[in-house]
Amino acid sequence: MSAPALDRSAADTDDRVALDVADLTVDLRTPTGTVRAVDHVSFVARRGETLALLGESGCGKSMTAQALVGLLEPIASITDGSVTLDDVDLVSAGDSTRRAMAGTELAIVFQDALTALNPVYTVGTQLAEPFRIHRKMSKKQARQEAIELMRHVGIPEPETRVDSYPHQFSGGMRQRLLIAMAVALSPSVLLADEPTTALDVTVQAQIMALLARLREEHDMAVILITHDLALVAEQADRVAIMYAGNVVETGPVAEVFANPRHPYTKGLLDSVPVSAERGADLKSIGGTPPDLHSIPSGCVYQARCPLARDLCVQQRPALLSVGTGRAAACHFSEETSNV
Ligand SMILES: Nc1ncnc2c1ncn2[C@@H]1O[C@H](COP(=O)(O)OP(=O)(O)OP(=O)(O)O)[C@@H](O)[C@H]1O
Ligand code: SF4
Ligand SMILES: [Mg+2]
């Protein structure tokens, strides 16, 4: 199966595309059989832009990110698709190349900074590592770069704090340190998997502002992974909405949120107060996403969809263009406003 990468707009110039993911598929070997956690997922990420991967818990967002950076668990493997970064297909290049590029061109920031940082080394030692390994710098030079990096991400008194350990920093400052490590070598793509979920609202806003500033300064593509629609509305230029391992809708955030073309997107928007008036009654989507062991052969959303009918049970809808730079995977996408 091959779904074309339909989220390119006519105004696109290809040299802005930093990462091109086409038909990415990840299978998991579980004790009760092989299941598909990521099913022919396609999207592009452009320099200077934030693309949000949005979806409910368990829809395959983190698995997609782990596949991109070569950090899948041993039970998971990429079984189809391509991931093109700087003209190199990371999938056919194999895990080691993927991990090598993951340190330089494609970086990731995880949700939990405390487990991502090593508690037994000073932050200076950890921040200096990419410069020592990839730039072959001396210890002294790399330490100076680490201090500059700390300053760059807004950590006060970097000259003294460089010798502190991760637990001596607040949650927000630790997240800044992780972001510093990620941008150390000026990657073209930064993946941020729920980067602010563990932080309070004020610190969340500061971290998102930092990511936006770094995106501009480094001309990076940022891929923001989240289940938070308000965050997507505020921070992202484009969105790819995932459901049960599939991208079901993609396009510019403002257009998708104003006029969703997939019933799942419509359901999500109706269930949270992104544009609703305060205190307005919210609808919730009935039911839960399907278990990976029992994904239906037709549309993945059929069990929860108010528009479902025979064709939806018989045939999986492809992700097809529904306007410039927009695509939806629904046989009846033009009826979505009736949901
Ligand atoms: N080790 C595993 N064994 C079996 N299934 C797994 C394993 N790891 C992940 N999964 C399944 O793979 C699917 C995708 O998980 P993933 O972590 O990518 O979801 P997510 O969209 O990031 O969710 P969240 O918002 O909760 O982080 C889920 O259905 C999950 O249950
Ligand atoms: S294809 Fe059918 S079941 Fe799937 S979202 Fe569209 S109307 Fe609903
Ligand atoms: Mg996740």
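Residues numbered from 1 in each chain as written. Chains lettered and ligands numbered in written order. Predicted model: local features only at pLDDT ≥ 70, side-chain atom pairs only at ≥ 80, totals over all residues. Heavy atoms only, no water.

**Points about the overall build of the chain**
Looking only at helices and strands, the chain features 13 helices and 12 strands. The C-alpha atoms of the chain give a radius of gyration of 21 Å, which matches the 20 Å a tight globule of 339 residues would have. When burial is assessed residue by residue, the chain has 50% of its 339 residues classed as buried. Across the chain, every contact between residues at least 6 apart in sequence was considered, and the portion connecting residues at least 24 apart equals 64%. Accessible surface, the chain: about 15,300 Å² in total, of which carbon and sulfur atoms supply 51%. (Helix = DSSP H or I, 4+ residues; strand = E, 2+ residues; numbered from the N terminus. Rg over C-alpha atoms; globule rule 2.2 N^0.38 Å. Buried < 20%, exposed > 50% of the residue type's maximum accessible area, 1.4 Å probe, protein only. Contact = heavy atoms within 4.5 Å. Areas by Shrake-Rupley, 256 points an atom, 1.4 Å probe, with all protein chains shown as cover.)

**Description of empty space enclosed by the protein**
Evaluation of the coordinates by the stated rule reveals 1 cavity of 30 Å³ or more. Roughly 90 Å³ of internal volume is contained in the largest cavity. Lining the largest cavity are 13 residues, and of these Pro263, Cys299, Cys305, Cys312 and Cys330 sit closest to its centre. Class assignment for the residues of the lining of the largest cavity results in 10 nonpolar, 3 polar and no charged. (1 Å grid on protein atoms, 1.4 Å probe; cavity = no way out; pocket = protein on both sides within 12 Å on 5 of 7 lines; lining within 4 Å. Points joined across faces, edges and corners; volume = space filled by probe spheres on them. Nonpolar A, V, L, I, M, F, W, Y, C, P; charged D, E, K, R; others polar.)

**Let's talk about the sheet that holds strand 4 (residues 76–85)**
In spatial order, the strands read 2-1-4-5; together these 4 strands make up an open sheet with antiparallel pairing. The sheet is open, and its two borders are formed by strand 2 (33–46) and strand 5 (88–89), each paired with just one other strand. Sheet topology note: the strand 4/strand 5 ladder contains 2 bridges and is antiparallel. Residue pairing for strand 5: leucine 85 is matched across the bridge by valine 88. Helix-sheet contacts for helix 1 (residues 61–69) involve strand 1 (17–30), strand 2 and strand 4, and the interaxial angle to strand 1 is about 110°. (Pairing = 2+ DSSP bridges. Axes fitted to C-alpha atoms, helices over the stretch in contact; angles between N-to-C directions.)

**A few points about helix 12 (residues 263–271)**
For an α-helix, the turn length of 3.6 residues means that residues three or four places apart are oriented alike. Burial within helix 12 is extensive, with 7 of its 9 residues counted as buried. All of the buried residues along helix 12 are Pro263, Tyr264, Thr265, Lys266, Gly267, Leu268 and Leu269. On its buried side, helix 12 packs onto strand 3 (50–54), helix 10 (229–235), strand 9 (238–243), strand 10 (246–252) and helix 11 (253–258).

**Comments concerning the side chain of serine 188**
Looking at the element boundaries, serine 188 is found in the loop between helix 8 (171–183) and strand 7 (189–193). Excluding its chain neighbours within four sequence positions, the residues that come into contact with serine 188 are Ala18, Arg47, Leu85, Asp86, Glu105, Met220 and Ala221.

**Observations regarding the site of ligand 2**
What surrounds ligand 2 is a group of 13 residues, the closest being Cys299, Cys305, Cys312, Cys330 and His331. More than half of the atoms of ligand 2 fall within 2 Å of the grid points belonging to the largest cavity. (Near = heavy atom within 4 Å. Sits in = over half its atoms within 2 Å of the grid points.)

**Some thoughts on the UniProt feature "domain: ABC transporter" (unreviewed entry) in the chain**
Following the UniProt record, one finds the feature "domain: ABC transporter" (unreviewed entry) at residues 19–269. Along residues 19–269 the backbone is 43% helical and 28% strand, and the end-to-end C-alpha distance reaches 28 Å. (UniProt positions renumbered as here; feature names shortened; annotations may be inferred.)

**Examining the site of ligand 1**
Around ligand 1, 14 residues are found, and the nearest of them are Ser57, Gly58, Lys61, Ser62 and Met63. Between an oxygen atom of ligand 1 and a side-chain N or O atom of serine 57, the distance comes to 2.5 Å. A distance of 2.9 Å separates an oxygen atom of ligand 1 from a polar side-chain atom of lysine 61. For ligand 1, the protein covers 65% of the area, taking 640 Å² as the surface of the free molecule. Per-element accounting of the shell around ligand 1 gives the leading share, 3 residues, to helix 1. Grouping the amino acids of the shell around ligand 1 by side-chain chemistry returns 6 nonpolar, 4 polar and 4 charged. (Polar contact = N/O pair within 3.5 Å; in protein donor to acceptor, adjacent residues only side chain to side chain.)

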